[in-house]
Amino acid sequence: MVGPAGGAPLENANPLIYRRSGERPVTAREEDDELPDSIDDREIFDLIRSINDPEHPLTLEELNVVEQVRVKVNDAESTVAVEFTPTIPHCSMATLIGLSIKVKLIRSLPERFKMDVHITPGTHASEHAVNKQLADKERVAAALENSHLLEVVNQCLSARS
Amino acid sequence: VKDGSWTVLQLVEALGFCLENTDPRTRGRGIQLLSQVLLECHSLLQEKEALHLVLFYENRLQDHHLVIPSVLQGLRALVSSSPGLAVSVLKAIFQEVHVQSLLQLDRHTVYSIITNFMGTREEELKGLGADFTFGFIQVMDGEKDPRNLLVAFQIVRDLIAKNYALGPFVEELFEVTSCYFPIDFTPPPNDPHGIQREDLILSLRAVLASTPQFAEFLLPLLIEKMDSDLQSAKLDALQTLTACCAIYGQKELQEFLPSLWSSLRREVFQTASEKVEAECLAALHALAACLSRSVLSSDAEDLLDSFLSSILQDCRHHLCEPDMKLVWPSAKLLQAAAGASLRSYHRLTHSVLPLLLEQYNKHSQSSQRRTILEMLLGFLELQQKWGHVEEDESTVLSLRAPVCSVVFSALTDPSVQLQLVGIRALTVLGSLQGWCLASPGEAGGGLRVCIAYVPPSVLFPPGSEAAMEAAGSLAPVYPKVFSGRMVPRLGEELQSGRERSLDLRSLRQRCLQALAAVSTHTSIVRETVPVLLQHLRKVQKGTAGSAQEVISVCQSLHRVALQCQQDAEGCWYFHQAVVPCVLAMAVQASTQPLLGKALLEEDVLAAMVPVISAATTHLSPELAAQSVAHVVPLFLDGEVSFLPQNSFPCSFQPFEGECLEAQRRLVALLMAFVCSLPRDVAIPQQERLLRELLALSCSCNCPFTATTAAKCFAGLLNKHPAGQQLDEILQLAVNRMEPGLAEGPRREQALTLLLWVSREPPGRGHPVPALCPSQLLGLLGDVELGPAAADGFSLLMAESPDVLHKGCHADVRIMFRQRFFTDNVPKLVQGFHGAGPDVKANYLKGLSHVLNHLPKPVLVTELPTVRAGRELLTPPALSCSDRVVQLSTLSCLQPLLLEAPQIMSLHIDTLVTKFLSLTSSPAMAVRIAALRCAHALTSLPTIVLLPYKARVIRALAKPLDDKKRLVRKEAVAARGEWFLVGSPGR
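From a predicted model like this one, the values you see are computed outputs, not experimental measurements.

This next bit is on the overall build of chain B. Along the backbone of chain B there are 53 helices and zero strands. The long-range share in chain B, meaning contacts at least 24 apart out of those at least 6 apart in sequence, stands at 73%. Only carbon and sulfur atoms are counted for the fraction: they give 54% of the accessible area of chain B, which is about 41900 Å².

Given below as structure tokens:
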């Protein structure tokens, strides 16, 4: 696992910024006590879109690292798949971003879900290695024992003031 | 010395040994003592003594450096009391003391001596000429302490402001201050002096921007700093430039204009920071304003003209480029300059507006057209700034026709986005007085075409309140177009929509809203009201007429009523046209059993109430008296002659024993009318009316009618003049209520009456209001009426929308809620403890209502009481199964958790358990509130929370899988925050 480059110049100093989608409007159906709402792509996207980038004061959504079309959820089969796209192919933050997404999902989704977080194919130099690390439960657990790494992840997940 | 038992002379003599000692330390101590004495009692000195002492001190300035601090202090004491000798003292200081080698405090003393002299001896100091300035420059040169700098900057500002001679030292003075620019200072943490960076920036800016004499040195410096990489330096430079423009003239700026412009342009084109951009635009605005203001000498060229030319030259072509990359920065620059003065506005719009119009027609894509129209809009908005303009001066006026056709084309474009911008443009055009008034011809015609021919479905897009407002603001300008064209077309749209498809319903809805929105002029009201009333009649007759449709019409009528309240004539017209018509329709519906009953449904009647009420509240007393003479007999005697189309199959007798239930419901309309009348309007047959209402409210089986009658009764009583009659009626009411409350089939009705009469009772000390709280508290223990009594607390505390509020001239007691709260909360708590298990919930519910309606400021001041009540009741309230109680407890607890975490920490164990158990409540609202409280718990001190962290996180996993999305959202937020408790990086 790689930590953030402390003090080093930003790898991608001037990223392209995208528009944030607004709050999901509340429908009448959602306010009805009786009808169940299934967990859908937008709901998962809403969980991860506000995660902060470790380098920039921007969210993953604003950097287009996560997009709603790259989120797939199947409520009945309890599976979630999220693809994320690092801003540049050599981004050393890729693992950290993936870890943040994964931790956010672990904290926010019911236990029944099996989650798969990986890099959008063909967008990162060491895509395979990063995917492998993110899929390895033990490594993820070990990473969260590291208090320095946990601090960075928590900062990414804290609500922006 | 203070007491006068010693003179200063004696003291000096006593100290003589010390003062003449060869050891500088001893001398220092001697002078220190003397100085301190002087500081304490300088006011007692005689002039001659002071003179001698000053001379002595001046002499001492040449002494050893250890002695100097005390000498300066002594001098400060002396100069603050006895003026004179300013010149020689200052000369001595300038000559003998090397100020910057002293300590901060002593430097401060020097500055205060100077400030003091400047305050009292201005003339003498000016006599020193430029020497004084030079001396001061030497004193402050190299100053580093922020506290002293603030004083020094103030001195420099005074030097300049009070016209001291600067002589040849302007540049030196500038150098000695400008070397601090831009200020880079971060106050140390726990700094006791509280000097902020901002203070220094502002005081330095005041110095630099205080005189045009600095211009030739300052402007190059500012240009250099604008090119700096540091954003703070850039911002400071730009703000200083803006400040300078306030005093500079053409002469100062002339030389630097090209480079200033190129720096500003580069920043706006390149910067990513909104702040820098905004400051650049402000600076450009200030520059142009400054140039427009300057007085020209006869032979000078007009710099404004050449400056604007260069702006145009650099920005114009960006507006034309096909990729439209730099259009926005260019447009913003142009608009900033154009906003500076009328002259610059003309100069720029003369060239830019035709270009934009041409570009609009050149581009065919609606997104590009939208951008161009938005820019055009920006220029048009600027025109508003100058108010009415002579016709031949304004470029905009000469371009009316093409502008109108562009707006028209935008409104008819298929792109909704473009249409919306078009509507905004239409609004701006509507507000430009010169447009419409001065030109009955082609241009006004162009705008009229827009209003008259653009279909309403485009003009009023779904969900756009702006369009309605635009039409509302245009309507008084073109009353004829609106009443002649727009209103009939809206009427047609209303008629055409026979189908019940969703689209057409929403279009009809919008037409109704639009009709209301454009009714901002009396002549238009006269057109729209008949259209609305006609539609109402049609809906009533037609089978398709749904209650929803009637309610929409009523809402529109209500809006019209509110809009013409201020205008006496319009108000009376509306009243005369609408009130009889609505009453007639309702009476007809109630007397013909076969007719559609849509008009008699509760929510329809409830929608009619505000219409009648709003049409009545602003009537003048004479007109109201006319109207009341018709309406009251209608209800009491069935006098229908004043109603239009008054042939009803059976008589209208709402208060007669045998009448139809449907007729009685119309008491709601009577209430809307009589309870909104101004207080000084006499109501005919008032006693009879009151008795009938009282009887109806106690005897009617229908809760809606009974409640309305009670409200009407209470509303009339509230305005009833005090006296014997009032007492009699009240006594009558009590006599009917008390047995009614005690037993019988209509206890609820009696309770309703009691509540309404007690809400805003007439006068003080009457039996009914005094009866209320005790009766209500007693009823809480009643198995049958308990829940209703608990809800009664909500009725007592809440604002009533239709009667008994200030808007309808009711006599409203202030501070009622506060008093009710302090009087009754202890009793409620007491009652709760004494109550049996089956009625405990009623007390909790009552308390919940009282707390929920308490104004927030009271809640804060009464927090101890609230808290006491809450803390006492929290565990039982959270265990209570009543949803209202749970919900109000939770919503009351959430702010308490955030505001008083220390107190709430004491109950952490109970709170955690209860919140977690309520997250599985069957009611969604309760689950959400419980999760919010669980979230709010995280603001308690970490040390308190840590023992619960694992348990809460485990328990909150379950609501993550809730069937409702809104619950899951709160669960995610709460659980995420609990994960951060005591974790690094929080």
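Right, picking up where we left off after that structure.
In this section: the overall build of chain A. Of regular secondary structure, chain A possesses six helices and three strands. N-terminal to C-terminal, the α/β element order of chain A is α-α-β-β-α-β-α-α-α. Of all 161 residues assigned to chain A, the portion counted as buried reaches 45%. Sequence-distant contacts, at least 24 apart, represent 68% of the contacts inside chain A between residues at least 6 apart.

Volume-wise, the second largest pocket comes out at about 650 Å³. Taken together, 26 residues make up the lining of the second largest pocket; nearest its centre are A:Lys102, A:Ile106, A:Arg107, A:Met115 and A:Lys137. When contributions to the lining of the second largest pocket are tallied by element, the ones reaching two or more residues are α3 (94–108), β3 (114–119), α4 (127–135) and α5 (137–145) of chain A together with α52 (949–955) and α53 (965–980) of chain B. Along the lines of polarity and charge, the residues of the lining of the second largest pocket split into 17 nonpolar, no polar and nine charged.

Evaluation of the coordinates by the stated rule reveals 31 salt bridges over all chains. For A:Glu67, the salt bridge identified is with A:Arg70, shortest N-O distance 3.0 Å. Measuring nitrogen to oxygen at the nearest pair gives 2.9 Å for the salt bridge that ties B:Arg107 to B:Glu143. Placement of the pair is B:Arg107 in helix α6 (residues 104–120) and B:Glu143 in the loop between α8 (130–140) and α9 (146–161), with a sequence separation of 36 residues. The burial state of B:Arg107 is the same as that of B:Glu143; both residues are buried.

Take helix α11 (residues 197–208) of chain B next. All names here are of chain B. Between its terminal C-alpha atoms α11 stretches 16 Å, which fits the 16 Å expected from 12 residues at 1.5 Å a residue. Leu200, Ile201, Ser203, Leu204, Arg205, Val207 and Leu208 are the residues of α11 that are buried. Residues of α11 that are buried make contact with α9, α10 (170–178), α12 (215–226) and α13 (231–245).

All names here are of chain A. If you trace the three strands from one edge of the open sheet to the other, you get β1-β2-β3, paired in mixed fashion. In this open sheet, the two strands that pair with only one neighbour each are β1 (71–74) and β3. If you compare each strand with its neighbour and ignore which way they point, the axes differ by 10 degrees on average. By the bridge criterion, six bridges tie strand β2 (residues 79–84) to β3 in an arrangement that is parallel. When the sheet's bridge partners are listed, Thr79 is paired in β3 with Lys114.

Attention now moves to the interface of chain A and chain B. On the side of chain B, 19 residues touch chain A, which itself brings 30 residues to the contact. Contact between chain A and chain B buries roughly 2000 Å² in total, counting both sides, with carbon and sulfur atoms accounting for 47%. If you sort the residues of chain A by the area they bury against chain B, A:Asp33, A:Asp37 and A:Arg107 come out on top, with a joint share of 30%. The interface formed by chain A and chain B holds six salt bridges in total. Along the contact surface separating chain A from chain B lie 20 residue pairs in polar contact (both at pLDDT 80 or more).

Another point: the packing of aromatic side chains. Residues and elements named next belong to chain B. Under the criterion given, the structure shown has seven aromatic pairs over all chains. Ring plane angle 65 degrees and centroid distance 6.4 Å describe the contact between Tyr111 and Phe136, whose orientation is recorded as edge-to-face. With a gap of 25 residues between them, Tyr111 in helix α6 and Phe136 in helix α8 connect regions that are remote in the sequence. Lying across the ring of Tyr573, Arg526 places its NZ or CZ 4.6 Å from the centre.

Residues and elements named next belong to chain A. Contact geometry for α3 and helix α6 (residues 147–157): axes closest at 10 Å, N-to-C directions at 70 degrees. Comparing their axes, α6 and α3 come out roughly perpendicular. Here Leu96, Leu99, Ser100, Val103, Lys104 and Arg107 of α3 come into contact with α6, specifically with Leu149, Leu150, Val152, Val153, Asn154, Cys156 and Leu157. A class-by-class count of the residues in the contact of α3 with α6 yields nine nonpolar, two polar and two charged.

All names here are of chain B. Running from N to C, helix α15 (residues 257–270) and helix α16 (residues 274–293) cross one another at 150 degrees; their axes reach a closest spacing of 9 Å. Comparing the axis directions of α15 and α16 gives the class roughly antiparallel. Read as a crossing pair, α15 and α16 show a hand that is left-handed. Residues Leu257, Leu260, Trp261, Leu264, Glu267 and Val268 of α15 form the contact with α16, whose participating residues are Val276, Glu277, Cys280, Leu281, Ala283, Leu284, Leu287 and Leu291. Within the contact of α15 with α16, the residues separate by chemical class into 12 nonpolar, no polar and two charged.

With 290 residues, the main nonpolar core has B:Phe132, B:Met140, B:Phe574 and B:Phe713 as its most contacted residues. For this core, the leading source of residues is helix α32 (residues 568–591) of chain B, giving 14 residues. Leave out the neighbours within four places in its chain, and B:Phe713 touches B:Leu690, B:Leu693, B:Leu694, B:Ile729, B:Ala733, B:Leu753 and B:Val757. Membership of the second largest hydrophobic core comes to 76 residues, among which are A:Cys156, B:Leu931, B:Ala974 and B:Val981.

For the peptide bond that leads from B:Phe181 to B:Pro182, omega is -10 degrees, which places it in the cis range. Secondary-structure assignment places B:Pro182 in the loop between α10 and α11. Located in the positive-phi region is A:Asn64, a residue other than glycine, with phi close to 65 degrees. Considering the arrangement of structural elements, one finds A:Asn64 in the loop between α2 (41–49) and β1. For B:Asn163, which is not a glycine, the phi torsion comes out positive at approximately 65 degrees.

Moving on: the side chain of B:Lys711. In this fold, B:Lys711 is placed in helix α38 (residues 703–719). With residues near it in sequence (within four places) discarded, B:Lys711 still touches B:Met671, B:Cys675, B:Trp756, B:Asp802 and B:Val803.

Here we come to the environment of B:Glu639. All names here are of chain B. By secondary structure assignment, the location of Glu639 is in the loop between α34 (621–637) and α35 (661–665). Placed 12 residues apart in sequence, Glu639 and Ser651 show a C-alpha to C-alpha distance of 9.0 Å. The residues touching Glu639, leaving out its near neighbours within four places in the chain, are Pro633 and Leu634.

The next point concerns the pairing of β2(A). Residue and element names in this part refer to chain A. Because side chains alternate across β2, one face comprises the buried residues Val80, Val82 and Phe84, and the other comprises Thr79, Ala81 and Glu83, none of which is buried. From the end of β1 to the start of β2, which pair antiparallel, there are four residues, and Ser78 there has a positive phi angle of about 55 degrees. Between the parallel pair β2 and β3, the chain is carried across by α3, and the sense of this crossover is right-handed.

Residues and elements named next belong to chain B. Topologically, Ala288 is positioned in helix α16. Taking the relative accessible area as the measure of exposure, Ala288 reaches 0% and is therefore buried. Separated by 16 residues in sequence, Ala288 and Leu304 have C-alpha atoms that sit 6.9 Å apart. Beyond its immediate stretch of four places on either side in the chain, Ala288 contacts Leu304, Phe307, Ala337 and Ala340.

All names here are of chain B. Taken together, Glu171, Glu172, Glu175, Glu216 and Glu255 make up a surface patch of like negative charges. The element contributing the most residues to the negative patch is α10, with three residues. Looking at where Glu216 falls in the secondary structure, it is placed in helix α12.

Residues and elements named next belong to chain B. Averaged over all residues, the pLDDT of chain B is 77; the fraction at 70 or higher stands at 83%. Low pLDDT, under 50, characterises residues 437–443; the predicted model gives this stretch nine contacts beyond four residues in sequence or across chains. Complex prediction metrics read pTM 0.57 and ipTM 0.90.

Reading guide: rules and limits
Residues numbered from 1 in each chain as written. Chains lettered and ligands numbered in written order. Predicted model: local features only at pLDDT ≥ 70, side-chain atom pairs only at ≥ 80, totals over all residues. Heavy atoms only, no water. Helix = DSSP H or I, 4+ residues; strand = E, 2+ residues; numbered from the N terminus. Contact = heavy atoms within 4.5 Å. Areas by Shrake-Rupley, 256 points an atom, 1.4 Å probe, with all protein chains shown as cover. Buried < 20%, exposed > 50% of the residue type's maximum accessible area, 1.4 Å probe, protein only. 1 Å grid on protein atoms, 1.4 Å probe; cavity = no way out; pocket = protein on both sides within 12 Å on 5 of 7 lines; lining within 4 Å. Points joined across faces, edges and corners; volume = space filled by probe spheres on them. Nonpolar A, V, L, I, M, F, W, Y, C, P; charged D, E, K, R; others polar. Salt bridge = Lys/Arg side-chain N within 4 Å of Asp/Glu carboxyl O. Expected span 1.5 Å × (residues − 1). Pairing = 2+ DSSP bridges. Axes fitted to C-alpha atoms, helices over the stretch in contact; angles between N-to-C directions. Buried area = accessible area lost by both parts, 1.4 Å probe. Polar contact = N/O pair within 3.5 Å; in protein donor to acceptor, adjacent residues only side chain to side chain. Phe/Tyr/Trp six-rings, centres within 6.5 Å; stacked < 30°, edge-to-face > 60°. Lys NZ or Arg CZ within 6 Å of the ring centre and 35° of its normal. Parallel < 35°, antiparallel > 145°, perpendicular 65-115°, else oblique. Left-handed = near helix turned anticlockwise from the far one by under 90°. Core = buried A, V, L, I, M, F, W, Y, C linked by side-chain atoms within 4.5 Å. Right-handed = clockwise from strand over helix to strand, strands pointing away. Patch = residues over 30% accessible without salt bridge, like charges linked within 9 Å, V, L, I, M, F, W, Y side chains within 5 Å. Lys, Arg positive; Asp, Glu negative; His and termini not counted. Charge placed at Lys NZ, Arg CZ, Asp CG, Glu CD. pLDDT = per-residue confidence, 0-100.

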